[in-house]
Amino acid sequence: QFPFGRRLPCDIYWHGVSFHDNNIFSGQVNKFPGMMETVRKITLSRAMRTMQDLFPLEYNFYPRSWILPEELPLFVAEVRMMKDRNPSWKPTFIVKPDGGCQGDGIYLIKDPSDIRLTGSIQSRPAVVQEYICKPLLVDKLKFDIRLYVLLKSLEPLEIYIAKDGLSRFCTEPYQEPTLKNLHQVFMHLTNYSLNIHSGNFIHSASVNTGSKRTFSSILCRLSSRGADVKKLWSDIISLVIKTIIALTPELKVYYQSDIPAGKPGPTCFQILGFDILLMKNLKPILLEVNANPSMRIEHEQELSPGVFENVPSPVDEEVKVAVIRDTLRLVDPQKKKRKDTQDSFLRVVSAFCIMWSMKDKQHKHHSLKLSLKLKFYLKLGSCQSVEQAPEAGEELPEAALPSPCLKQVFPKYAKHFSYLRLVDRVAALFIRFLGVKGTTKLGPTGFRTFIRNCKLSNSNFSMAAVDILYIDITRRWNSMGIDHKESGMCLQAFVEAFFCLAQRKYKSLPLHDQVASLIELCECRLAALHGKRLV
């Protein structure tokens, strides 16, 4: 542990909270630059809304959201309109502070007028979402799922999902929200950090009981009731991949800023915590993504007033140790080196065994001994010498490590999801015209160059109109207080401008086709320009 940083090179750097060390020039870091900012509730909601605009059916696993304070009038108007259309509609909404964690500052409301319009809403923005009133219950209790997802690489995109997760239970029997029970947090909020203070919280030595259980124990229970567990897992995998696809454009902008292409720097990976709620019909709903999921495998127990001790948590240990272990196995920098050594060893020894066996049948026993030693060597996956392997006739031991708990889902299922990566391609255009390495915002000159190189201006859309579009959108986004560190157009503002250009150029098409058509046009014209420059 190096509280003040480490200057000697390492294979793997494990940062505590976020990517923060710009003096790392090699190895791997367990955080992506900008991940904390990207998964904040407001940024996540904006990214998901962009994808919902393009692919409404594919992204219906994220609740309808409004951003406070700037969208408060819109929220009020839309709720009023929906109530006018359907007078029997009795919604509940949940308000979540943007930077909040562990349930801090979350509350439920029945009407937009119930939002706490204090000074804090200006200094502490929030997201308000439709509350899921009909969750799946187990033992009459509401619960959510914490799944661990490893983003192993951004380019190329590589995603793994842990085969097991945690189910975190409320500590009071669930009832649908009413004005009387809205404030009962132990009934409505599944946050472990809240419910642990309830007198009904149960620390269990079993993974199947208590207020925190393994997700696999819930799946077993659902399977015994006849539920289609395979379909549920498939839906969860789809949710995770689609969410990561929504986040990657923003992450790529941060990545090129902190680790510019062509300069020495580390590669990154990160364990994310996906919080998922199951509806009564087993449809998974994304609640939020946590950039720093807790990896504690113990809890505090009060022995006497003010005296605590740390007690092991079997549930946490079963799930989290496997996640950390397999993450290190996957990013192990020596893995490829060992694999190359093993492959060479396999070819040499196999050839040697065959030759020896053919040359003299008396050496058959020795050939078998070498083959068994080779199998043991490869099974262990380590660089131990063959002399340390068991002799022929001895029972081969179990592998040194348990079977992996992390399952690759991307690029394994890439062909089913690649069509969703439109905003990724827009982000690539944005990054191309940033100009100055290390920046995350596009200046007016860069935007004009983009328009000019892609030949998007004409007699109906002059360069003066281009400047007005840039100023209007950039000013509005900057007024939202997104990031005042540098001036210019952020990625989200560029995406909005790009959508405006697409709608202007391809008026008769749906938004998805408009955006896809403009992307292809820009990519084609830039490729032609690049070819001309090469000539």
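The structure we're discussing is the one just above.
Predicted model, so just to flag it, every value in this text is computed and none were measured.

Asks: An account of the pairing of strand β13 (residues 270-278) is needed here, citing residue identities and associated values.
Replies: In terms of burial, β13 is largely enclosed, as nine of its nine residues are buried. The two faces of β13 match: Q270, L272, F274, I276 and L278 on one face and I271, G273, D275 and L277 on the other face are all buried. Pairing of strand β8 (residues 141-153) with β13, which is carried by seven bridges, proceeds in the antiparallel orientation. Its bridge partner lying in β13, L151 is registered against Q270. Hairpin geometry of β13 and strand β14 (residues 284-290) is characterised by an intervening segment of five residues between the two adjacent antiparallel strands and by a positive phi of about 70° at L282.

Asks: Account for the environment of R421, naming residues and giving values.
Replies: In this structure, R421 sits in the loop between α12 (414-417) and α13 (422-432). Taking C-alpha positions, R421 is 9.0 Å from P249, a pair spaced 172 residues apart along the chain. Aside from chain neighbours lying at most four places away, what touches R421 is L157, I245, K252 and F410.

Asks: Help me get a handle on empty space enclosed by the protein, residues and values and all.
Replies: The tally for this structure, following the rule as stated, stands at two cavities of 30 Å³ or more. As a volume, the largest cavity reaches approximately 40 Å³. When residues of the lining of the largest cavity are traced back to their parent elements, those giving at least two are α2 (41-54), β6 (126-130) and β14.

Asks: Describe the pattern of salt bridges, and please don't skip the residues or the numbers.
Replies: Between side chains of opposite charge, a pair can form when the charged atoms approach closely. Per the stated rule, a full pass over the model turns up 25 salt bridges. Two residues, E70 and R46, come together in a salt bridge whose shortest N-O distance is 2.4 Å. Taken together, the residues span a long stretch of sequence, with E70 in the loop between β3 (65-68) and α3 (72-85) and R46 in helix α2 at a distance of 24 residues. For E70, a relative accessible area of 33% corresponds to the partly exposed category. What emerges from the salt-bridge pattern is a single network uniting D144, R146, R168 and D275.

Asks: Describe the sheet that holds β6, and please don't skip the residues or the numbers.
Replies: Taken in spatial order, the four strands line up as β3-β6-β4-β5 in an open sheet, and their pairing is antiparallel. Because the sheet does not close on itself, it has two edges, and the strands there are β3 and β5 (107-109). Each adjacent strand pair in this sheet contributes to an overall mean axis angle of 25°, direction not counted. Seen against the sheet, α3 touches β3, β4 (93-97), β5 and β6 and runs at an angle of roughly 145° to β3.

Here is what the cut-offs are and how they apply
Residues numbered from 1 in each chain as written. Predicted model: local features only at pLDDT ≥ 70, side-chain atom pairs only at ≥ 80, totals over all residues. Heavy atoms only, no water. Buried < 20%, exposed > 50% of the residue type's maximum accessible area, 1.4 Å probe, protein only. Helix = DSSP H or I, 4+ residues; strand = E, 2+ residues; numbered from the N terminus. Pairing = 2+ DSSP bridges. Contact = heavy atoms within 4.5 Å. 1 Å grid on protein atoms, 1.4 Å probe; cavity = no way out; pocket = protein on both sides within 12 Å on 5 of 7 lines; lining within 4 Å. Points joined across faces, edges and corners; volume = space filled by probe spheres on them. Salt bridge = Lys/Arg side-chain N within 4 Å of Asp/Glu carboxyl O. Axes fitted to C-alpha atoms, helices over the stretch in contact; angles between N-to-C directions.

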